[in-house]
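Examination of the molecular architecture
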Amino acid sequence: MSRIARFAAAALIAASACAIPAQAIEYPTHPIKWIVTYPPGGTTDALARLMGAWLSEKLGQQVIIENKPGGGNNIGTEVALKSPPDGYTMLLVNPAHGINATLYKDLTFNFVRDVEPVAGIARTPNVMEVTATFPAKTVKEFIDYCKANPGKINMASSGSGTSVHMSGEMFKMMTGCDMLHVPYKGAGPALIDLISGKVDVLFDNLPSSIGHIKGGKLRALAVTTTERDPSLPDTPTVADTVPGYEASAWFGVGMPKGTPKEIVDKVNAEVNRALADPGMQKKLADLGGKPIPGTPADFGKVIAAETEKWAKVVKASGAKVE
């Protein structure tokens, strides 16, 4: 190879090496799609729209929320993970992503392997709630009623494999309550049927239910975390009656594996700025959410730890979906 040719080749390699960082600095240059794997009206949708509005303003491009429910969270997840890793497809990561790894046997993806962790958003309690006219007003009264009426209580969830579902399964396992699981395609339709009395109990993510609780349409029996939540200070914990019970929901941002680090870091930095903003903190607190700031690696550790934790619950409950 001539001296000139070698110089040209070296210059081409150097230019190629600089291409991705240059693109990342300019990112985003057009709208970003944010896939939410549940219909409107639930916690995932509420958090995505709240954070999406911030990112749209700060990044200078619209973040478009695209609801893709179905398949127990898996349809939208597969679409997101198989999208080009260019930073223009995000996924609202939620507890079902950790649970489904064990609950479903034939997934076309491995979530821990195939997702690029970007940033945590919030951790929230779930809340054990019934209609305002349900006979039980405490967790103990609920357990007593359930045991006096085995198999007659319908336990709604936002879908098989969600933290809402598995929180109920954990309650069944630890109390001996016999309840029929009724899965819905998201918290929105489950709440409609709970309020109307078609189902009896729901262990919902607090953000999507808190307005109905404070409005008197639903009665909160307990929160699922080990401590009371400031947004419902008079509501006890399930653990007050069922020692050792604990569950919480966690949410964040993911992208397809292989998304350039510069893009991941840019979105992570902006999410963390949002979580440090007093106005955003108040909005999250009003929904019962606590910010979980940190690096992409920190959020990756959350995903891995929650996947391991819920694997034990899924296996102990015997729950599985083909």
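The coordinates are above.
My aim in this report is to walk through the structure given alongside it, one point at a time. (Residues numbered from 1 in each chain as written. Predicted model: local features only at pLDDT ≥ 70, side-chain atom pairs only at ≥ 80, totals over all residues. Heavy atoms only, no water.)

We now examine the pattern of salt bridges. Enumeration according to the criterion identifies 12 salt bridges in this entry. Among the salt bridges present, the one from Lys68 reaches Glu66, with a minimum N-O distance of 3.4 Å. The class for Glu66 is partly exposed, based on a relative accessible area of 26%. Ionic pairing is found between Glu169 and Lys172, a salt bridge with its closest N-O pair at 3.6 Å. Separated by 3 residues within a single helix, Glu169 and Lys172 lie in helix 7 (residues 163-175), roughly one turn from each other. In this structure Glu169 comes out as buried when scored by relative accessible area, which is 11%. Residue classification places Lys172 among the buried residues on the basis of a relative accessible area of 17%. (Salt bridge = Lys/Arg side-chain N within 4 Å of Asp/Glu carboxyl O. Buried < 20%, exposed > 50% of the residue type's maximum accessible area, 1.4 Å probe, protein only. Helix = DSSP H or I, 4+ residues; strand = E, 2+ residues; numbered from the N terminus.)

What follows is about the side chain of Asn268. Relative to the helices and strands, Asn268 resides in helix 10 (residues 261-276). At 2.8 Å, the side chain of Asn268 forms a polar contact with the backbone oxygen of Val118. (Polar contact = N/O pair within 3.5 Å; in protein donor to acceptor, adjacent residues only side chain to side chain.)

A few words now on the packing of aromatic side chains. As enumerated under the stated definition, the model contains 7 aromatic pairs in all. Between Phe142 and Phe171, the aromatic rings sit 6.0 Å apart at their centres with planes inclined by 65°, giving edge-to-face as the arrangement. Residue Phe142 is located in helix 6 (residues 139-148), and its partner Phe171 is located in helix 7; the two are separated by 29 residues in the primary sequence. On the numbers, 5.4 Å between centres and 50° between planes, the contact of Phe171 with Phe203 is tilted. Highlighted residues: Phe171 in helix 7 and Phe203 in strand 7 (residues 201-205), separated in sequence by 32 residues. (Phe/Tyr/Trp six-rings, centres within 6.5 Å; stacked < 30°, edge-to-face > 60°.)

Turning our attention to helix 4 (residues 95-103). Of all 9 residues that make up helix 4, 8 are buried, and the element is covered over most of its length. Within helix 4, the full set of buried residues consists of Pro95, Ala96, His97, Gly98, Ile99, Asn100, Thr102 and Leu103. Buried-residue contacts for helix 4 involve helix 3 (74-81), strand 3 (89-93), helix 5 (111-114), helix 7, strand 9 (248-256) and helix 12 (296-317). (Contact = heavy atoms within 4.5 Å.)

What follows concerns the side chain of Ser56. Mapping Ser56 onto the fold places it in helix 2 (residues 43-59). A polar contact of 2.8 Å, which involves the side chain of Ser56, links it to the backbone nitrogen of Val63. Setting aside residues no more than four positions away along its own chain, Ser56 makes contact with Gln61, Gln62 and Val63.

Moving on to the nonpolar core. In terms of nonpolar packing, the biggest core is built from 32 residues, with Trp34, Met51, Leu55, Met90, Ile121 and Val271 touching the most fellow members. If you list the elements that add at least two residues to this core, you get strand 1 (32-36), helix 2, strand 2 (63-67), strand 3, strand 4 (115-131), strand 9, helix 10 and helix 11 (278-286). When residues in this core are grouped by element, the largest group, 7 residues, is from helix 2. By size, the runner-up hydrophobic cluster in this structure holds 30 residues, among which are Cys177, Val201, Ala222 and Val238. (Core = buried A, V, L, I, M, F, W, Y, C linked by side-chain atoms within 4.5 Å.)

On to the packing of helix 7 against helix 12, then. Running from amino to carboxyl end, helix 7 crosses helix 12 at an angle of 55°, the nearest separation of the two axes being 10 Å. Regarding the angle of helix 7 to helix 12, the classification is oblique. Judged by the sense of rotation from one axis to the other, the crossing of helix 7 with helix 12 is left-handed. Between helix 7 and helix 12, the residues in contact are Met166, Ser167, Glu169, Met170 and Met173 and Trp310, Val313, Val314, Ala316 and Ser317, respectively. Residue composition of the contact of helix 7 with helix 12, grouped by class: 7 nonpolar, 2 polar and 1 charged. (Axes fitted to C-alpha atoms, helices over the stretch in contact; angles between N-to-C directions. Parallel < 35°, antiparallel > 145°, perpendicular 65-115°, else oblique. Left-handed = near helix turned anticlockwise from the far one by under 90°. Nonpolar A, V, L, I, M, F, W, Y, C, P; charged D, E, K, R; others polar.)

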